[in-house]
Amino acid sequence: MHSSATPPAPSPTATAPRPAPSPAGIRRAVRGGALGNYVDQFDIMLPVAALTPAAAQLFGPGHLAGATGWVFAATLLGRPIGAAVFGPLADRVGRTATTRVALAGIAVTTGLIAVVPGHTALGAGTIALVVALRFLGGVFVGGEYTAAVPLAMEWSDPRRRGRLSGLVMSMSPWASTTIAALVLLLVSTLPGDAYVTWGWRVPFVVGAVLAGALCLYYRSVVPDSDVWLGAAPRRHPLRDVLVGPYRRSLAQVLVLMTGLWLLTQMAVPTMTAAVRSGGVLDAQALSFTLMVATAASAVVMHAAGAASTRTGRRRFFVVFAAVSLVAGPLTWAGIAAAGSTAAVVLLVTLLQVVTVTAYGPVGAYLAERFPAAVRSSGYGVGYSLSIVVPALYPVWLPVLQGAVGADVAVMGVLALGAALLGLGAWWGPETDRERPLP
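Residues numbered from 1 in each chain as written. Predicted model: local features only at pLDDT ≥ 70, side-chain atom pairs only at ≥ 80, totals over all residues. Heavy atoms only, no water.

Draft legend 1. Structural context of helix 17 (residues 375-385). For helix 17, the tally of buried residues reaches ten of eleven residues, placing the bulk of the element in the interior. Of the positions making up helix 17, those classed as buried are Arg375, Ser376, Ser377, Gly378, Tyr379, Gly380, Val381, Gly382, Tyr383 and Ser384. (Buried < 20%, exposed > 50% of the residue type's maximum accessible area, 1.4 Å probe, protein only. Helix = DSSP H or I, 4+ residues; strand = E, 2+ residues; numbered from the N terminus.)

Draft legend 2. Geometry of the packing of helix 12 (residues 247-277) against helix 15 (residues 341-353). It is at 11 Å that the axes of helix 12 and helix 15 come closest, and there the two elements cross at 165 degrees. By the angle between their directions, the pair helix 12 and helix 15 is classed as roughly antiparallel. Seen from above, helix 12 lies across helix 15 with right-handed handedness. Contact residues: Ala267, Val268, Met271 and Val275 in helix 12; Val344, Val348, Leu351 and Gln352 in helix 15. Partitioned by chemical class, the residues of the contact of helix 12 with helix 15 number seven nonpolar, one polar and no charged. (Axes fitted to C-alpha atoms, helices over the stretch in contact; angles between N-to-C directions. Parallel < 35°, antiparallel > 145°, perpendicular 65-115°, else oblique. Left-handed = near helix turned anticlockwise from the far one by under 90°. Contact = heavy atoms within 4.5 Å. Nonpolar A, V, L, I, M, F, W, Y, C, P; charged D, E, K, R; others polar.)

Draft legend 3. Examining the environment of leucine 263 more closely. Assignment of secondary structure puts leucine 263 in helix 12. Taking relative accessible area as the criterion, leucine 263 reaches 0% and is therefore assigned buried. Spatially, the C-alpha atoms of leucine 263 and serine 324 are 9.0 Å apart, while their sequence positions differ by 61 residues. Setting aside its immediate chain neighbours within four residues, leucine 263 contacts Ser324, Thr355, Leu414, Gly417, Ala418 and Leu421.

Draft legend 4. Quick peek at empty space enclosed by the protein. According to the stated counting rule, one finds one cavity of 30 Å³ or more in the structure shown. Volume-wise, the largest cavity comes out at about 320 Å³. Forming the walls of the largest cavity are 28 residues, and the residues nearest its centre are Met45, Ser172, Ser176, Thr264 and Val268. When residues of the lining of the largest cavity are traced back to their parent elements, those giving at least two are helix 1 (23-51), helix 3 (64-92), helix 7 (161-189), helix 12 and helix 13 (283-311). (1 Å grid on protein atoms, 1.4 Å probe; cavity = no way out; pocket = protein on both sides within 12 Å on 5 of 7 lines; lining within 4 Å. Points joined across faces, edges and corners; volume = space filled by probe spheres on them.)

Draft legend 5. Quick peek at the side chain of serine 376. Structurally, the position occupied by serine 376 is in helix 17. At a separation of 2.9 Å, a polar atom in the side chain of serine 376 contacts the main-chain carbonyl oxygen of threonine 146. Here serine 376 is in contact with Gly87, Ala90, Asp91, Arg95, Thr146, Ala147 and Pro150, once residues within four sequence places are set aside. (Polar contact = N/O pair within 3.5 Å; in protein donor to acceptor, adjacent residues only side chain to side chain.)

Draft legend 6. Here's a closer look at a nonpolar patch on the surface. There is a patch of nonpolar side chains on the surface, built from Ile81, Val85, Leu89, Val93 and Phe135 and spanning about 390 Å² of accessible area. In terms of residues, the nonpolar patch owes the most to one element, helix 3, which gives three residues. Topologically, leucine 89 is positioned in helix 3. Taking the relative accessible area as the measure of exposure, leucine 89 reaches 32% and is therefore partly exposed. (Patch = residues over 30% accessible without salt bridge, like charges linked within 9 Å, V, L, I, M, F, W, Y side chains within 5 Å. Areas by Shrake-Rupley, 256 points an atom, 1.4 Å probe, with all protein chains shown as cover. Salt bridge = Lys/Arg side-chain N within 4 Å of Asp/Glu carboxyl O.)

Draft legend 7. Local environment of the pattern of salt bridges. Across all of its chains, the model carries nine salt bridges by this definition. A salt bridge links glutamate 154 to arginine 95; its shortest N-O distance comes to 2.6 Å. Taken as a pair, glutamate 154 in helix 6 (residues 125-155) and arginine 95 in helix 4 (residues 95-113) lie far apart in primary sequence, 59 residues in all. Each member of the pair glutamate 154 and arginine 95 is classed as buried. A salt bridge links glutamate 368 to arginine 313; the shortest N-O distance between them is 2.8 Å. In this pair, glutamate 368 sits in helix 16 (residues 362-368) while arginine 313 sits in helix 14 (residues 313-337), placing the two residues 55 residues apart along the sequence. Judged on exposure class, the residue glutamate 368 and its partner arginine 313 are both buried. Within this structure, Asp91, Arg95, Glu154 and Arg375 form a network of salt bridges that share partners.

Here it is as structure tokens:
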């Protein structure tokens, strides 16, 4: 059932490539990929940690139930559109120029959320405005990693590509750790109800500043890769990925990534809401728990990327999926039964480790599945289109929970996510992790 190997890249043009950039230039490109993913994930995870303690004040108690979930889902749903728009641009115009535009968009949309009026001024319009801004921000986020991560992978040494992938992808939990620490600091130090009144806006200002600063960084010092410059351009890279010679590679990647996104939705936003509503943790304890869990998963995720170079990407995903299939549901059951803060912190950390740390090799693996002429289109669509069904969990998860029970439903989705991850990895070939990207 293995799919055929990725079709070979088009022959390079006859034009002589430019002189190779200095090692410092390569380091800047690699550093930009890691920092870009950090900014992306900082923006994505803001609603989970920053808005949850202030949701009742911002959206109104009558709209609390689904507001935070929809705000988070809106960002994820915007990402496939961003990948479809910016991926072909990155393949035809360049990775760095595309990254700069996307980062500028992230800065603007995130900054605008910091000044959104509360429900006392707009009523339900507050939810609509925040969801719209998060959706638009998701479009730009989808464009940023679609260009920046392939660029970083193209510059990396083959022997270090897995480790670099782990570093880049670990920026997601490190960003979550930063947000949790910032929210914990604000909740602990601001007087009275200052956080729910205005303090929640501070993390959004920070996110906007980070995106703007990184945009200037790319504008100043990050070069495009010789791999991209030397590839023969394709007129319709997105079409080639969707229905052309790379469609089987895309289908396999979509199965694998759908499994990972299902694991993520259960282990991050669903877990956060369940722990908070269960009454075991208050706002401070929740922020502390997220900070510990995401820091631990960041360390393991970085190590996972390096491990995949030794084991092979395909074998790594298959083995990880088998572990997650058993450990994910059992850990959720433990969280549901836990009665102490210490137990919740430990089990939430374990849940993160046995689910989302599988992202470690993803940056390298997806870059290795597509050649330079369509790499951003393939990477972006594969990474982002797979988000759609998992991101709609506020629609389908409550229905499933009503049918089989809240905890049983989440445990089932965790098992399904692990199974799809393993199936997707088994379906695909082992990638060439020891040679420069074509």
